[in-house]
Amino acid sequence: MSSGSKRLKNLQICRPFVFGNMAVPLKEDRSPDIPTDHTHSWTVFLKGVNGDDLSSFVKRVVFKLHETYANSTRSIEEPPFEVTETGWGEFEISIRVYFVPEASEKNVVMYHHLKLHPYGPEAEQQKTNGATVTSMQYDEFVFNEPTESLFEILTKKPGAVLPSQKSMLVPFSVESENEELDRLSDAHAKVQANIRRLTERIHVLEQENAALQSL
Ligand code: SLL
């Protein structure tokens, strides 16, 4: 094993991020290069929270667009991890994140439904104003028992760790995870038993009801 690829036991380290899109309706003064059926300009993105740079541990982000787009698989190798396009329709975008090799982490995929049209209580108002639509969500990369190299990258590089992020170092162990799994399967068994009991009860009541109906 090369140095740094050893894993740190009983440790979990998280990094927050947001992903989603913003969109604006195209105006009258649109570029003549934009196809006439296109109605919006949009950007789909994945980025750190509070301006955090993810590129110390994110190697590449692959955005998979609808196949109506030319070269629908867009691989972005450096920040900003985003794709800007114009179009007419909403669709699901897959966002696959590849980590630096030192991390020895599998890639992860998220799905984002591209939003072009205002939604929610103020939708009509926003539509009239041609307001920017934003649809995004918060999530966290969770690294269980990270490699020493990844830990180094996430905590030791200048500017890589904010004091508040120290609280994101929480104990993790295979044992505590197994205990959690035991608790979950106990709970599952109890719920199943309850469902069985209630199903039988319903069955009895239905039979009683049928008997009454036939009187
Ligand atoms: C819909 N199911 O019908 C969706 C598909 C596809 C949107 C939306 C392509 C632009 C172009 C474009 O906007 N596709 O490359 O010409 O709403």
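Going by the structure above, here's the rest.
Everything numeric here is computed off the predicted structure, so don't read it as measured data. (Residues numbered from 1 in each chain as written. Predicted model: local features only at pLDDT ≥ 70, side-chain atom pairs only at ≥ 80, totals over all residues. Heavy atoms only, no water.)

Colleague: Which parts of the structure should I look at to understand the overall build of the protein chain?
Modeller: Summing up its helical and strand segments, the protein chain has 3 helices and 9 strands in all. Each helix and strand of the protein chain, ordered N terminal to C terminal, gives the series β-β-β-β-β-β-β-α-β-α-β-α. What you see for the protein chain is a C-alpha radius of gyration of 25 Å, clearly larger than the 17 Å of a compact globule of 215 residues, by over 25%. Overall, the protein chain is about 80 × 55 × 30 Å in size when its C-alpha atoms are taken along their principal axes. Out of the 215 residues in the protein chain, the part that is buried amounts to 33%. If you take every contact in the protein chain between residues at least 6 apart in sequence, the share linking residues at least 24 apart comes to 67%. (Helix = DSSP H or I, 4+ residues; strand = E, 2+ residues; numbered from the N terminus. Rg over C-alpha atoms; globule rule 2.2 N^0.38 Å. Buried < 20%, exposed > 50% of the residue type's maximum accessible area, 1.4 Å probe, protein only. Contact = heavy atoms within 4.5 Å.)

Colleague: Where do I start with the side chain of T86 in this structure?
Modeller: Tracing the sequence through the fold places T86 in strand β5 (residues 81-87). You can call T86 buried: its relative accessible area is 14%. Side chain to side chain, T86 and H38 meet in a polar contact 2.8 Å long. Not counting residues up to four positions away in its chain, the partners in contact with T86 are L26, I34, H38, H40, S41, W42 and Y69. (Polar contact = N/O pair within 3.5 Å; in protein donor to acceptor, adjacent residues only side chain to side chain.)

Colleague: I'm lost on the pairing of strand β1 (residues 11-25) in this one. Help?
Modeller: Regular strands place side chains that alternate from one sheet face to the opposite one. Counting buried residues along β1, 12 of its 15 residues qualify, which places the element largely inside the surrounding structure. Bridging between β1 and strand β8 (residues 133-144) involves 12 bridges; their strand directions are antiparallel. Pairing of A23 across the sheet is with V133, part of β8. (Pairing = 2+ DSSP bridges.)

Colleague: Honestly, the site of the ligand in this entry has me stumped. Any pointers?
Modeller: Contacts to the ligand come from H38, H66, T68, Y69, G87, W88, G89, E90 and F91. Within the backbone of W88, one N or O atom sits 2.8 Å away from an oxygen atom of the ligand. Here G89 contributes a backbone N or O atom positioned 3.3 Å from an oxygen atom of the ligand. When isolated, the ligand has an accessible area of 460 Å², and the protein chains bury 69% of it. Class assignment for the residues of the shell around the ligand results in 3 nonpolar, 5 polar and 1 charged. (Near = heavy atom within 4 Å. Areas by Shrake-Rupley, 256 points an atom, 1.4 Å probe, with all protein chains shown as cover. Nonpolar A, V, L, I, M, F, W, Y, C, P; charged D, E, K, R; others polar.)

Colleague: It is not clear to me how the nonpolar core should be interpreted in this structure. Could you clarify?
Modeller: Nonpolar side chains tend toward joint burial in soluble globular proteins. In this structure, W42 and F57 are the most contacted members of the largest nonpolar core, which totals 34 residues. Of all the elements in the fold, those that place two or more residues in this core are β1, β2 (40-48), β3 (58-64), β5, β6 (92-99), β8 and α2 (148-155). Looking at which element gives the most residues to this core, the answer is β1, with 5 residues. (Core = buried A, V, L, I, M, F, W, Y, C linked by side-chain atoms within 4.5 Å.)

Colleague: Teacher, can you tell me more about the sheet that holds β6 here?
Modeller: Each strand in a sheet pairs with another by means of backbone hydrogen bonds, the pair being arranged parallel or else antiparallel. Strands sit in the order β4-β3-β6-β7 across an open sheet of 4 strands; the sheet is antiparallel. At either margin of the open sheet sits one strand with a lone partner, and together these are β4 (73-76) and β7 (108-113). Going across the sheet, the axis of each strand differs from the next one's by a mean of 20 degrees, ignoring polarity. Across 4 bridges, the pairing between β3 and β4 is antiparallel. Residue F63 lies in a different strand from β4, and its bridge partner there is R74. (Axes fitted to C-alpha atoms, helices over the stretch in contact; angles between N-to-C directions.)

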